[in-house]
Amino acid sequence: MFKTIINNFHLEKLIWIIKSKFLYMLLAALIGAVLTGGYATLTQTSTYRAQISFYVYSNPDYVTDTGVNLSSSDITQANSLLTSYMQILNSATFLSEIIDYTGLEQYTVEALQKRITAAAVSNTAVFKVSVLDQNPVNAMNIANAIGDLAPNEIISIVKSGGIEVLDAAELPTEPYTSTSVLMYALIGAVLGFAIVAAWCVIKGLLNTTIRRKYEIEDMFTIPILGEVPQQQAKDKTEAVSVRLDKDSNFGLKEAYSNIRVGLLFTKKGEKCPIYAVTSADCHEGKTTSAFNMAVSYAQMNKKVLLIDADMRNSSMKEFLQDAQWNDTDGLSEYLAEIADKPAKIAFEKNLDIIPSGTMPPNPSELLVSERWYQLLQDSQKEYDAIFVDFPSLGIVSDALCLAQVATTYVLVIRENLTRIERIEMIVRRLESLDADISGFIYNGISQKSPDYNYKLYGKEYKKD
């Protein structure tokens, strides 16, 4: 999983995932805000603070002697006693006395220790004790109980110094703190957004379906021979396979012209090259591509033979009229020695097609027979180029039969359908047999894609 994420990681794809799933993330943020905000509203609590202040004397005699004027040294000495006093006020012994004195037996010493804090007032001999409680009356009573008991307790323990209540605690009327519904809602929104965003990003990076050309170009050194634009049905509701002819739109013609140019440089000096066409999986457009490449070649006044070697699930018939098709005397009948020669359909002036015939029980065995290789050798003497449409190599191994014979392989991939690991698998299978791969046909590219080179001709497409 981690290898897939790393291999599939790209800044553009990350941005695309976030943009495409942003509404889901906003919805998750809204749900998170509502849930946490609702929870905060139902469980909302307020805490009240009662505060009592004490004055610290360095000498216990000063507590009852109102005629004494404290010097700065007395204040300094009193400050040194503050820490000790505050430790006493927070001790278990003293807090047990507070519980008994107030009659608040529902409290434990540990609970009071969490509720009581003390802090000195800077540069003075004054310190304040704060009591926090959800009940304002209890907070006041505990604070004043400390004021009643602390002076004697401190003098009995610490023989030097003393304290006196400066200001008694009053009943608090306003909450010191309250559960913030807004804060809970914001936290819920952030968590909801983050969780769904992380889930969408991970799921998106684990999706290896090819979406942009760079995903193929980054993975392989094999070139892309051409990009075939996605064609729409007349009602524009679905993509369709379109046969190349003189009435085809500019984008389709130009795509196969580019592919044809790329193939011309892979002839290896052969008079009649053999182009094996396959793909990783079904519905990626290999038959359409093989047919249209053969038509494009024939338009150069080259004598071309197209062999439908997909004897398992042929779809070549879709491009021909029923009267032209021959299911009973095709390639399978010839290879099985039922027919002396395969039927040939003269589709156009320079293009002949050998149909697949009826589905045999052993297509793989027929494609490694001497009769098959002899057919190719004899055809090379008669034609200028041969295109062979094979079944998908990611499903069956039929296409491997020409690994040592074919001039080159052409692999068809389809945008938003082909998965990278599937195309990688068939490339490795072909390379392990030292087969030549001329390139990919990038099929079904959206005419709105930033990778599409003929977007400027959109108006012309609309006319077609």
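Bear in mind that the values here come from a model prediction, so they are computed numbers and not experimental data.

**Some words on a nonpolar patch on the surface**
Among the surface-exposed residues, Leu-182, Met-183, Leu-186, Ile-187, Leu-191 and Ile-195 lie close enough to one another that they form a single nonpolar patch of about 620 Å² accessible area. Topologically, Ile-195 is positioned in helix α8 (residues 181–206).

**Examining helix α3 (residues 22–42)**
Compared with the 30 Å implied by 1.5 Å per residue over 21 residues, the 30 Å span of α3 between its first and last C-alpha is a close match. Within α3 the residues assigned to the buried category are Met-25, Ala-28, Ala-29, Gly-32, Gly-37 and Ala-40. Angularly, the buried residues of α3 cover 155° about the axis, an arc narrow enough to put them on a single face. Exposed residues lying more than 90 degrees from the buried face of α3 are Leu-23, Tyr-24, Leu-30, Val-34, Leu-35 and Leu-42. Summarising the contacts, the buried residues of α3 are in contact with α2 (11–20) and α8.

**Considerations on the pattern of salt bridges**
Using the criterion set out here, one finds 14 salt bridges in the structure. When the shortest N-O distance is used, the salt bridge between Arg-422 and Asp-281 registers 2.7 Å. One end of the pair, Arg-422, is in helix α15 (residues 420–432); the other, Asp-281, is in the loop between β9 (274–279) and α11 (286–298), with 141 residues separating them in the sequence. Of the residues examined, Asp-281 reaches a relative accessible area of 17% and is grouped as buried. With a shortest N-O distance of 3.8 Å, Lys-303 and Asp-352 are connected by a salt bridge. Pair noted here: Lys-303 is in the loop between α11 and β10 (304–308) and Asp-352 is in strand β12 (residues 351–354), with a separation of 49 residues, a long-range link. Its relative accessible area of 28% is what places Lys-303 among the partly exposed residues. Salt bridges here are not isolated pairs; linked through shared partners, they connect Glu-12, Arg-211, Arg-212 and Asp-451.

**With respect to the pairing of strand β13 (residues 385–389)**
A regular strand carries its side chains on alternate faces of the sheet. With 5 of 5 residues buried, β13 lies mostly within the body of the structure. Of the two faces of β13, the one lined by Ala-385, Phe-387 and Asp-389 and the one lined by Ile-386 and Val-388 are each fully buried. In this sheet, β13 lies alongside β9 in parallel orientation, the contact comprising 4 bridges. What sits directly across from Tyr-275, in β13, is Phe-387.

**A closer look at the packing of helix α5 (residues 92–102) against helix α7 (residues 136–157)**
α7 packs onto α5 with a crossing angle of 125° between their chain directions and a minimal axis gap of 10 Å. Considering their axes alone, α5 and α7 lie oblique with respect to each other. The crossing of α5 and α7 is right-handed. Residue-level contacts link Phe-94, Glu-97, Ile-98, Tyr-101 and Thr-102 of α5 to Asn-141, Ile-142, Ala-145, Ile-146, Asp-148, Leu-149, Ala-150 and Glu-153 of α7. For the contact of α5 with α7, the residue count by class is 8 nonpolar, 2 polar and 3 charged.

**Structural notes on α2**
Among the residues making up α2, those that are buried are Lys-13, Leu-14 and Ile-17. One side of α2 holds all its buried residues, which, seen down the axis, span an arc of 105°. Along α2, the residues that are exposed and aim more than 90 degrees away from the buried face are Leu-11 and Lys-19. Contacts from the buried residues of α2 go to α1 (2–8), α3, α8 and α9 (213–219).

**Structural notes on the nonpolar core**
Among the nonpolar cores identified, the biggest contains 48 residues, and Trp-372, Phe-390, Leu-402, Tyr-409 and Phe-440 are the most heavily contacted of them. Counting residues per element, this core draws most heavily on α15, at 5 residues. With sequence-adjacent residues up to four places away left out, Leu-402 is seen in contact with Ile-274, Ala-276, Trp-372, Tyr-373, Leu-376, Val-388, Phe-390 and Tyr-409. Counting 33 residues, the second largest nonpolar core, distinct from the first, contains Leu-82, Ile-88, Val-109 and Leu-149.

**Overview of the environment of Val-34**
The residue Val-34 is located in helix α3 in this model. Along the backbone, Val-34 and Leu-186 are 152 residues apart, and their C-alpha atoms lie at a distance of 9.5 Å.

**Let's talk about the pairing of strand β15 (residues 437–445)**
Of all 9 residues in β15, 9 are buried; the element is thus mostly enclosed. Across 5 bridges, the pairing between strand β6 (residues 224–229) and β15 is parallel. Counterpart to Val-228 in the pairing with β15 is Asn-443.

**Comments concerning the sheet that holds β13**
Strands sit in the order β6-β15-β14-β9-β13-β10-β12-β11 across an open sheet of 8 strands; the sheet is mixed. Each having just a single partner strand, β6 and β11 (345–348) make up the two edges of the open sheet. If you compare each strand with its neighbour and ignore which way they point, the axes differ by 25° on average. Along the sheet face, α11 touches β9, β10, β11, β12, β13, β14 (408–414) and β15 and points at about 170° away from the line of β13. Lying over the sheet, helix α14 (residues 370–382) contacts β9, β10, β12 and β13, oriented at roughly 150° with respect to β13.

**Some details on the confidence of the model for the protein**
Reading fine detail from the predicted coordinates is not recommended where pLDDT is low. Scored by pLDDT, the protein has a mean of 85; 88% of the residues are at 70 or more. Segment residues 65–71: pLDDT under 50, and 5 contacts once partners within four positions in sequence are set aside and those in other chains are kept.

**Overview of the packing of aromatic side chains**
For any pair of aromatic rings, the description consists of the separation of the ring centres together with the inter-plane angle of the planes. What the rule picks out here adds up to 9 aromatic pairs. Ring geometry for Tyr-297 and Phe-387: centres 5.4 Å apart, planes at 70°, overall edge-to-face. Of the two residues, Tyr-297 sits in helix α11 while Phe-387 sits in strand β13, which places them 90 residues apart along the sequence. On the accessibility criterion, Tyr-297 (2% relative accessible area) is buried. The exposure class of Phe-387 is buried, given its relative accessible area of 0%. Aromatic ring contacts, followed pair by pair, group Tyr-275, Tyr-297 and Phe-387 into a single cluster. Above the face of the Trp-16 ring, Arg-211 is positioned so that its terminal group lies 4.2 Å from the ring centre. Over the aromatic face of Tyr-334 sits the side chain of Arg-371, whose NZ or CZ is 4.2 Å from the ring centroid.

Conventions adopted
- Residues numbered from 1 in each chain as written.
- Predicted model: local features only at pLDDT ≥ 70, side-chain atom pairs only at ≥ 80, totals over all residues.
- Heavy atoms only, no water.
- Patch = residues over 30% accessible without salt bridge, like charges linked within 9 Å, V, L, I, M, F, W, Y side chains within 5 Å.
- Areas by Shrake-Rupley, 256 points an atom, 1.4 Å probe, with all protein chains shown as cover.
- Salt bridge = Lys/Arg side-chain N within 4 Å of Asp/Glu carboxyl O.
- Helix = DSSP H or I, 4+ residues; strand = E, 2+ residues; numbered from the N terminus.
- Expected span 1.5 Å × (residues − 1).
- Buried < 20%, exposed > 50% of the residue type's maximum accessible area, 1.4 Å probe, protein only.
- Arc of directions from axis to C-beta.
- Contact = heavy atoms within 4.5 Å.
- Pairing = 2+ DSSP bridges.
- Axes fitted to C-alpha atoms, helices over the stretch in contact; angles between N-to-C directions.
- Parallel < 35°, antiparallel > 145°, perpendicular 65-115°, else oblique.
- Left-handed = near helix turned anticlockwise from the far one by under 90°.
- Nonpolar A, V, L, I, M, F, W, Y, C, P; charged D, E, K, R; others polar.
- Core = buried A, V, L, I, M, F, W, Y, C linked by side-chain atoms within 4.5 Å.
- pLDDT = per-residue confidence, 0-100.
- Phe/Tyr/Trp six-rings, centres within 6.5 Å; stacked < 30°, edge-to-face > 60°.
- Lys NZ or Arg CZ within 6 Å of the ring centre and 35° of its normal.

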